[in-house]
Amino acid sequence: MDAAPLAPGTLAVVALPLGNPGDITLRALEVLRSADLVAAEDTRTVGRLLARLGISCPLVSYHDQNEASRVPGLLERLRGGARVALVSEAGTPGISDPGYDLVRAARLAGLPVAPVPGPSALTAFLGASGLPTDAFTFLGFPPNRATRRRALFQSLVTRSETLVFYESPHRVVAALEDALAAFGDREGALAREMTKPHEEFWLAPLSEILAALAARPRVLGEVCWGVRGVRQPPPTMTLEEAIADALAEGLPPRQAARRAAEQCGASTREAYDRLVAAREEGEDPDPGSGRGAPVGRGAP
């Protein structure tokens, strides 16, 4: 059944292919052909795609640097009855891409906003990653600054759901280094150049993914990556068992004590003292890990 035509004065949020033009939807084609104006994050990239699809439509740039100045003019066009298609360079607008300001302004102005769903790097990654998808949190691009990025990762170490991030190719190695330090050597997944000829996926411990990328002269292409959430202990798990579980996932002793304390309702000091005492008595809290080196006392 053919979709109803886009009503005049509607803002259409149109998903574009991540890389393979064949992923365009039939409805997206119809909306783009009927649009009076396409607001595009990158007019050159979108212009080439539209030309390849045989679509001719006026383009206006709409990106992070000019969002505020563009919104009033686009609202005026919509009020005048224009059909405006909002697109990002690839994927779904507004998902770590420009679009939020215009969509919100149109909604608040009482103007119709129509989703035209299709490709999304987030859902494409999750569906093909091999990580659990029953619950996940999408956190977009981690902070550029290392101190803020490390603080973010540290704040997430006790989360049980899959954590998903975008990252630029020139920062991905540094981000994975910080992730490994915070999360330990948990299972992770990473996708590069999804739907394109050089697409790559990894599902492996974070250390293996990091080693594979760090060995390259440089990383090319857009990156989406994620890390498995922490395993939640059963209600009857003891503090010692929670410590062993955290150590088994590769967390350093102080982080293992902190997480075990949060899981079992104990203080971090108590958990750390239990960990130290067990090792001083020759009982490795994680006997299967080989991590039996002594741990010095001190504030957790």
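The preceding data block contains the structure.
Reference entry: report on the structure contained in this document. Since this is a predicted model, take the numbers as computed values, not measurements.

## Thoughts on the environment of Ala 182
Looking at the secondary structure, you find Ala 182 in helix H7 (residues 172-183). With a relative accessible area of 4%, Ala 182 lands in the buried category.

## Quick look at the layout of surface pockets
Reported here for the largest pocket is a volume of approximately 880 Å³. Along the walls of the largest pocket sit 32 residues, with Leu 18, Glu 89, Ala 90, Lys 196 and Glu 222 positioned nearest its centre. Secondary structure elements with two or more residues in the lining of the largest pocket: helix H2 (43-52), strand E7 (162-167) and strand E10 (223-227). With five residues, the top contributor of residues to the lining of the largest pocket is H2. Broken down by class, the residue content of the lining of the largest pocket amounts to 15 nonpolar, seven polar and ten charged.

## Brief notes about the pattern of salt bridges
Considering all chains together, one arrives at 16 salt bridges under this definition. One salt bridge in this structure joins Arg 150 and Asp 178, with 3.0 Å as the shortest N-O distance. Residue Arg 150 is found in helix H6 (residues 146-155), and its partner Asp 178 is found in helix H7; the two are separated by 28 residues along the sequence. Take Arg 150: its relative accessible area is 46%, and that puts it in the partly exposed class. Since its relative accessible area comes to 8%, Asp 178 is described here as buried. Each of the salt bridges in this network shares a partner with another, and the network as a whole consists of Arg 186, Asp 245, Glu 249 and Arg 259.

Analysis parameters
Residues numbered from 1 in each chain as written. Predicted model: local features only at pLDDT ≥ 70, side-chain atom pairs only at ≥ 80, totals over all residues. Heavy atoms only, no water. Helix = DSSP H or I, 4+ residues; strand = E, 2+ residues; numbered from the N terminus. Buried < 20%, exposed > 50% of the residue type's maximum accessible area, 1.4 Å probe, protein only. 1 Å grid on protein atoms, 1.4 Å probe; cavity = no way out; pocket = protein on both sides within 12 Å on 5 of 7 lines; lining within 4 Å. Points joined across faces, edges and corners; volume = space filled by probe spheres on them. Nonpolar A, V, L, I, M, F, W, Y, C, P; charged D, E, K, R; others polar. Salt bridge = Lys/Arg side-chain N within 4 Å of Asp/Glu carboxyl O.

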